[in-house]
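As a plain string of letters, each chain reads:
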Amino acid sequence: MAANGSTEDLLEELLNVELELQDVQDEIKRLLDKQEKLYEKQSELKAVIESYQGLEQAEKDHAAPQTENWSGAFEWDNEADDIRLNIFGIPTYRANQREIINAIMSERDVLVIMAAGGGKSLCYQLPAVLRPGIALVISPLLSLIQDQVMGLTALGIPASMLTSTTSKDNEKFVYKTLEKGEGDLKILYVTPEKVSKSKRFVSKLEKCHHAGRLSLISIDEAHCCSQWGHDFRPDYKNLGILKTQFPNVPVIALTATATKKVQLDLMEMLNIPKCIKFVSTVNRPNLFYMVREKSSVGKAVIDDIADFIQSSYTNNESGIVYCFSRKECEQVAKELRERGVSADYYHADMDVNAREKVHMRWSNSKLQVIVGTVAFGMGINKPDVRFVIHHSLGKSMETYYQESGRAGRDGLPSECLLYFRPADVPRQSSMVFYENSGLQNLYDMVQYCQSKRECRRSAFFKHFAEPLQDCNGMCDNCADLCKVKEIDASGHARALVTLLQGIQEMDQRATMLQLVEKFKVKNKEVGFELKKDELEHLVIQLIIHRVLKEEFSHTAYATNAYVTLGPLAKHVLHGKKNITLEVTSGQRSLAKSSKRSRHTGLEIKLDNLRKELSSMHGGIFPHSILSTQQISMLCSQKPESTEQLEKIIGKLKTQKYGERILEVIGKHESDDEQCDDSADEEKETSVNRNARRSKYKKVVVIDESSEDDN
Ligand SMILES: Nc1ncnc2c1ncn2[C@@H]1O[C@H](COP(=O)(O)OP(=O)(O)OP(=O)(O)O)[C@@H](O)[C@H]1O
Ligand SMILES: [Mg+2]
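The protein has the name ATP-dependent DNA helicase in an unreviewed UniProt entry, where Helianthus annuus is given as its organism. UniProt annotates the protein under Cofactor (unreviewed entry) with the comment "Mg(2+)".

**Points about the UniProt feature "coiled-coil region" (unreviewed entry) in the protein**
This chain's UniProt record puts "coiled-coil region" (unreviewed entry) on residues 7–41. Helix and strand shares over residues 7–41 are 100% and 0% respectively, and the end C-alpha atoms of the span are 50 Å apart.

**Considerations on the site of ligand 1**
In the vicinity of ligand 1, 17 residues are found, and the nearest of them are Thr92, Gly117, Lys120, Ser121 and Arg409. Here Gly118 contributes a backbone N or O atom positioned 3.3 Å from an oxygen atom of ligand 1. A total of 640 Å² of accessible area belongs to ligand 1 in isolation, and the protein chains cover 82% of it. A per-class count over the shell around ligand 1 returns six nonpolar, seven polar and four charged.

**Section: the pairing of strand 13 (residues 414–420)**
Among the seven residues that make up strand 13, seven are buried, leaving the element largely enclosed by the rest of the structure. Every second residue of strand 13 is oriented toward a common face, with Ser414, Cys416, Leu418 and Phe420 on one face and Glu415, Leu417 and Tyr419 on the other, all of them buried. Here strand 8 (residues 287–293) runs beside strand 13; their pairing, made up of seven bridges, is parallel. Following the sheet pairing, Leu287 is matched in strand 13 by Ser414. Where strand 12 (residues 385–390) lies against strand 13, four bridges are found, and the strand directions are parallel. Within the sheet, the bridge partner assigned to Val388 lies in strand 13 and is Cys416. Regarding the hand of the β-α-β motif, the stretch spanning strand 12, helix 15 (residues 397–404) and strand 13 is right-handed.

**Examining helix 17 (residues 438–450)**
Its 13 residues give helix 17 an end-to-end C-alpha distance of 18 Å, which sits within 8% of 18 Å, the value for a rise of 1.5 Å per residue. Where helix 17 is concerned, the buried positions are Gly438, Leu442, Tyr443, Met445, Val446, Tyr448, Cys449 and Gln450.

**Let's talk about a negative patch on the surface**
On the surface, Glu8, Asp9, Glu12 and Glu13 cluster together into a patch of negative charge. As for its placement among the helices and strands, Asp9 is situated in helix 1 (residues 7–61).

What counts, and at which threshold
Residues numbered from 1 in each chain as written. Chains lettered and ligands numbered in written order. Predicted model: local features only at pLDDT ≥ 70, side-chain atom pairs only at ≥ 80, totals over all residues. Heavy atoms only, no water. UniProt positions renumbered as here; feature names shortened; annotations may be inferred. Helix = DSSP H or I, 4+ residues; strand = E, 2+ residues; numbered from the N terminus. Near = heavy atom within 4 Å. Polar contact = N/O pair within 3.5 Å; in protein donor to acceptor, adjacent residues only side chain to side chain. Areas by Shrake-Rupley, 256 points an atom, 1.4 Å probe, with all protein chains shown as cover. Nonpolar A, V, L, I, M, F, W, Y, C, P; charged D, E, K, R; others polar. Buried < 20%, exposed > 50% of the residue type's maximum accessible area, 1.4 Å probe, protein only. Pairing = 2+ DSSP bridges. Right-handed = clockwise from strand over helix to strand, strands pointing away. Expected span 1.5 Å × (residues − 1). Patch = residues over 30% accessible without salt bridge, like charges linked within 9 Å, V, L, I, M, F, W, Y side chains within 5 Å. Salt bridge = Lys/Arg side-chain N within 4 Å of Asp/Glu carboxyl O. Lys, Arg positive; Asp, Glu negative; His and termini not counted. Charge placed at Lys NZ, Arg CZ, Asp CG, Glu CD.

Spelled out as structure tokens, the structure:
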């Protein structure tokens, strides 16, 4: 070969070959990474296609009945309309309600997927009143059952329950009614355990059915049947026997969220393969979603939350604050109280009675804010929750959708605010990393929080695989509340990766915060201009994009999360991957975020009236007397006679409370001649403003019912 060439030439050639080999190896590594990703995607797609094919097949098998026109005319239309308005006090149907009622009335099995607060209860309660006999409702929680029975009783609909709290007398009455049909009962609520564990109950139910008196079976919160859902309850698994035992009784299964996989699972488990499916959008157009930068100073976060509540919700409107831990709940509740907010905590470590008491005070609007952990969950039935604040991010988009969705179930404008800081990510990740897809679910949530441009709503549509819909400016990013610029952070990312590489080569480890600290010290001379919190955001961004990754190690007391190099670190080092970071410049404009309108004087008077009537009528919730939506209709239409009032709230409520309502409206109108509404409103807001100022002097507020808690 090059016998005459110098050794130097040969060495140079060797070096070139080695460099080229290195490049080839990098390329192979890159292609292998790509191959791995494509395999992953391939198997994901196959799984989705399989589930779609299964569903299509199931739909094809029963294609004919699906084509029926459920919004057409039916013989029960007039009677149904009469019950809707005059008993339930509901002026018009919401999307899909009428169609669902018609399908049930036509004795079909029905599966209903409708967002929280969409109005699922009416879909089975109205046919239960309309059809002869008794409707059986399965519901997972005692508190939900109690709320529903109380609400129905207030409407004069004979409803009962069989639970651990039912008295012997009451139980006797129910059993006798089931068996002999003597008592007055239209709707019976039970927990799933009753069906799977009480032979006595099932035998009475059989007798009721045998006599042709079982009108329908409703399975509420039906996602509890499926192990793929988020609240699996083993006793729900046995509910399929209901369809086997009572094949001709229509079954209606209802839930707020169910993926295609869960839907299929439900149909199979409940034995309703031929059911008519009604799927409504997951969109909650009345909810305003926003994310705020969370200060690293704990007290500043509470100041911000207290200010948010006190500047927007001056009339004691209800809200929830979700916290990460039990200790944090107690602390946040205490600090909110010190700032003049009527707040108390709720978590799983409390004694059941204490927890129930807090829930009751809040449901009756005697307590404004519940500060809870995720334990404050499915049993919340309060329709007029005006704001849900997350003090820290949750573990997935699914749980955030559920929790934030407890706001605005009455359809009126409400706000969902989440406080995010990167340091909260390792707290969550060290809890969820062992769960199936736990980290990926968390990172989807983190992506939602980090994004300063993408519509918050579209993140939900993508998550639930639904076509995008217009947000109508109902999230901070669409409302363009703060100026955002995108900066090229590839240089910073490269330096971070190099630093971490050095740390790992020395067999050391770093948490996210340690890495950021080291980076700041090391790069001071270089003059990198990113602030500490921006660097933290960058580390999180790199984790989401797999340039870095989290690793976990256990001590006797905790699980620690460390940051290490991820599969795509080399791409950043070799300049093959650009990293951008969204940073805010300029202050967030708060004025624009105030979507809520101030209450008028009449609204406040009617709100006070419903509270007064609720305490007079022994424990009925104020919202069962008049919903917030009914109050705003009364304020805009200002009825003067019983006939006019009946058109808004129906005959039953008019009969019960009409006189007082007309009196309040009449008095307000005559007062108004001297002092118009807007002046009234101004007076109200200035009173609130003064109250707020004094609250900032850290007055400790004792809320209405704290006395009886002692
Ligand atoms: N057509 C309607 N018009 C006005 N209000 C309605 C209508 N239908 C239901 N509502 C009210 O909406 C609120 C929520 O209804 P409901 O409790 O049935 O919701 P849901 O779909 O069961 O929600 P969740 O999934 O949270 O249980 C209730 O206050 C109810 O009275
Ligand atoms: Mg419900």
